[in-house]
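Survey of secondary and tertiary structure
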Amino acid sequence: MNTATRNNEGTTIVDVTGHIDLGSSPDLRKTLLESLKETDRLAVNLVAVKYIDSSGIASLLEVLKAARQGQKRFVLFGLTSAVRQVLQLTRLTTVFEIRETEQEVLHA
Amino acid sequence: MNTATRNNEGTTIVDVTGHIDLGSSPDLRKTLLESLKETDRLAVNLVAVKYIDSSGIASLLEVLKAARQGQKRFVLFGLTSAVRQVLQLTRLTTVFEIRETEQEVLHA
Amino acid sequence: MDVQVKLRMPSQARFLAVVRAAVGELGSVYGWPEAECQGVILAVDEAVANIIKHAYHGNSEGAIEVTCLGAADRLEFTLLDQGDPPDPGRICSQPLDDHAHGGRGTHLIRMIMDEVCYERVPGGNRLRLIKNLPAVGCTEKERSDA
Amino acid sequence: MDVQVKLRMPSQARFLAVVRAAVGELGSVYGWPEAECQGVILAVDEAVANIIKHAYHGNSEGAIEVTCLGAADRLEFTLLDQGDPPDPGRICSQPLDDHAHGGRGTHLIRMIMDEVCYERVPGGNRLRLIKNLPAVGCTEKERSDA
Ligand SMILES: Nc1ncnc2c1ncn2[C@@H]1O[C@H](COP(=O)(O)OP(=O)(O)O)[C@@H](O)[C@H]1O
Ligand SMILES: Nc1ncnc2c1ncn2[C@@H]1O[C@H](COP(=O)(O)OP(=O)(O)O)[C@@H](O)[C@H]1O
């Protein structure tokens, strides 16, 4: 897994590529929590994530919780079918704010 | 492996995708030999071929031989690193006519 | 004749990718629909991750054996470890609608697989996972097009 | 602890993809350069294809066992079949600059692997292939960046 962080119209975007599993989810968690400190709006681009397991989901939930506590926005976008499947099975599709595209994230 | 055949400026182009191995090379051979019957210029687009083994190379050599016998042109283009590696190891890079792009095939 | 893939690996997360690749490739050889493949990959990955986390507590020197038996109508997985056995009371013990961070792996495994069986055997802890294939009587081609 | 992947499969070309996936994933877990991975995948695939073609003559019911042993500094493969043994005089017997259609598989295997050994053992025909890893003393990260 790799991550790259950038800014688009005041929203911090973290582009994630690769597989999010037990090995890589601690890195993801760390990167996202650090980014969250520096911004009020954090969006995670999952379009290049072909795999996520429950440890990845747990990391995203932890970031969501931190965002809520800080009254910040935390959005996921670009979900592949694999990511969608896991969120559906774990009944979390309505817990996260989920958008199709980066444009929708910025203008919703 | 999948193949799709089309025509561009009088050259028949066969787009190949997937892996060419012992299981799929007989199909490739058949498709190419049939296409060769209908055209004087046959080009194989290998840009989406991530794997080829010696049985695939053998099939391409067989088509090359048939093309030479019929005084027809037979070109490969869009070679990925995997395809390039096998052709180099088997010292066949100079035996085939190889082009970078479809444009080069048409205008060379 | 069926196909068997057996992996012996140390309890390290970096080898999960090898497990996933082998399971995924087996599925696509048998022409399973993409979504079924993804589900089974996830279930097996979660089960191996649980062994790394809970049986071996993150110790990277534990041994894990994953056996996949593939046939046209089902896939069967046997996972073996010599770590701490699972406490049956904790498997799927946490309600899914609790938004705590953990506790979802065993739910995913049960939702995806048709049979899930944790056993204590002489060689250690054994987990058997079975997935029956959806399509009966349709060709591999039809299935892979689905 | 090293990693072992063992595949038992019938002599059918469609399972070659499972072999390639497992070998490729092992290579990338150990952080090999892409070109090395591709080479080893090719060599093992050619060796299994030869068993299907020449030991079992295309009969789809023969048994093939492929064992991959992965360590940080080398990969070792053992292939076992119960078909016809190879005629040593035919291995790499055809000059590469002959443009005949066949005869390249055994050359590729020898060019890519560091050790290639065909043996007759009680269980059948055994082929051992060993590839030593290029980088000594550089980290996995450096290797995968290479
Ligand atoms: N293979 C295993 N070995 C030992 N304990 C296990 C195993 N799998 C699951 N468990 C127990 O079941 C609990 C629930 O597991 P799970 O639903 O995967 O969630 P999590 O891993 O996030 O705790 C674990 O916390 C652990 O106590
Ligand atoms: N595993 C094997 N079992 C039996 N014979 C083999 C085996 N591998 C290679 N051979 C013999 O070696 C010859 C050369 O093999 P190879 O270089 O791979 O080319 P090809 O498969 O195109 O003939 C084969 O034709 C066959 O006679």
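To be clear, the structure that these remarks concern was listed above.
Here's what I pulled together on the structure shown here. (Residues numbered from 1 in each chain as written. Chains lettered and ligands numbered in written order. Predicted model: local features only at pLDDT ≥ 70, side-chain atom pairs only at ≥ 80, totals over all residues. Heavy atoms only, no water.)

A word on the overall build of chain A
Each helix and strand in chain A was counted, giving 4 helices and 5 strands. In chain A, the succession of helices and strands from N to C terminus is β-β-α-β-α-β-α-β-α. Computed over its C-alpha atoms, the radius of gyration of chain A comes to 12 Å, within 12% of the 13 Å expected for a compact globule of 108 residues. Once the C-alpha set of chain A is aligned to its principal axes, its extents read approximately 30 × 25 × 25 Å. Burial status across chain A gives 53% buried among its 108 residues. Partitioning the intrachain contacts of chain A with sequence separation of at least 6 by distance along the chain shows that 67% fall at a separation of at least 24. Summing over all exposed atoms, chain A offers an accessible surface of approximately 5,000 Å²; the carbon and sulfur share of this is 46%. Counting 13 positive and 13 negative side-chain charges, chain A places the centres of these two groups 5 Å from one another. (Helix = DSSP H or I, 4+ residues; strand = E, 2+ residues; numbered from the N terminus. Rg over C-alpha atoms; globule rule 2.2 N^0.38 Å. Buried < 20%, exposed > 50% of the residue type's maximum accessible area, 1.4 Å probe, protein only. Contact = heavy atoms within 4.5 Å. Areas by Shrake-Rupley, 256 points an atom, 1.4 Å probe, with all protein chains shown as cover. Lys, Arg positive; Asp, Glu negative; His and termini not counted. Charge placed at Lys NZ, Arg CZ, Asp CG, Glu CD.)

Quick notes on the site of ligand 1
Residues and elements named next belong to chain C. As a matter of local geometry, ligand 1 sits amid 14 residues, with Asn-50, Lys-53, His-54, Gly-103 and Thr-106 nearest to it. For ligand 1, an oxygen atom lies 2.9 Å from a polar atom in the side chain of Asn-50. Note that an oxygen atom of ligand 1 is positioned 2.7 Å from one of the side-chain N or O atoms of Lys-53. Protein burial of ligand 1: of its 530 Å² of free accessible surface, 86% is covered by the chains. Listed by contribution, the elements that provide at least two residues to the shell around ligand 1 are α2 (34–55) and α3 (105–112). In terms of residues, the shell around ligand 1 owes the most to one element, α2, which gives 5 residues. Taken together, the residues that form the shell around ligand 1 break down as 4 nonpolar, 6 polar and 4 charged. (Near = heavy atom within 4 Å. Polar contact = N/O pair within 3.5 Å; in protein donor to acceptor, adjacent residues only side chain to side chain. Nonpolar A, V, L, I, M, F, W, Y, C, P; charged D, E, K, R; others polar.)

Some words on the interface of chain A and chain C
On the chain C side, the residues contacting the 22 residues of chain A number 22 residues. Summing the contributions of chain A and of chain C, the shared interface buries around 1,900 Å²; its carbon and sulfur component is 61%. Summed over the shared surface of chain A and chain C, the number is 1 salt bridge. The partner of Asp-21 of chain A in a salt bridge is Arg-20 of chain C, with the nearest N and O atoms 2.8 Å apart. Taken together, the links from chain A to chain C amount to 6 residue pairs in polar contact (both at pLDDT 80 or more). Residue assignment for the side of chain A that touches chain C shows that the elements contributing at least two residues are β3 (41–52), α2 (54–69) and α3 (81–89) of chain A. Of the residues forming the side of chain A that touches chain C, the biggest block, 6 residues, is contributed by α2 of chain A. (Buried area = accessible area lost by both parts, 1.4 Å probe. Salt bridge = Lys/Arg side-chain N within 4 Å of Asp/Glu carboxyl O.)

Let's talk about the sheet that holds strand β1 (residues 2–8) of chain A
All names here are of chain A. Pairing is mixed in the open sheet, where 5 strands are placed in the order β1-β2-β3-β4-β5. A strand with exactly one partner marks an edge of an open sheet, and here the two such strands are β1 and β5 (97–99). Going from strand to strand, the sheet's axes swing by 25° on average, the running direction of each strand aside. Examined bridge by bridge, strand β4 (residues 73–77) and β5 share 3 bridges and lie parallel to one another. Among the inter-strand pairings, Phe-77 is bridged to a residue of β5, identified as Arg-99. On the sheet, α3 packs against β3, β4 and β5 and is oriented at approximately 105° with respect to β3. (Pairing = 2+ DSSP bridges. Axes fitted to C-alpha atoms, helices over the stretch in contact; angles between N-to-C directions.)

Remarks on the site of ligand 2
All names here are of chain D. Around ligand 2 sit 14 residues, and of these Asn-50, Lys-53, His-54, Gly-103 and Thr-106 come closest. Interatomic distance of 3.5 Å between a backbone N/O atom of Arg-90 and an oxygen atom of ligand 2. Coverage of ligand 2 by the protein amounts to 86% of the 530 Å² it exposes when considered alone. Contributing elements (two or more residues each) for the shell around ligand 2: α2 (34–55) and α3 (105–112). Take the shell around ligand 2: its biggest share by element is 5 residues, from α2. The class makeup of the residues in the shell around ligand 2 is 4 nonpolar, 6 polar and 4 charged.

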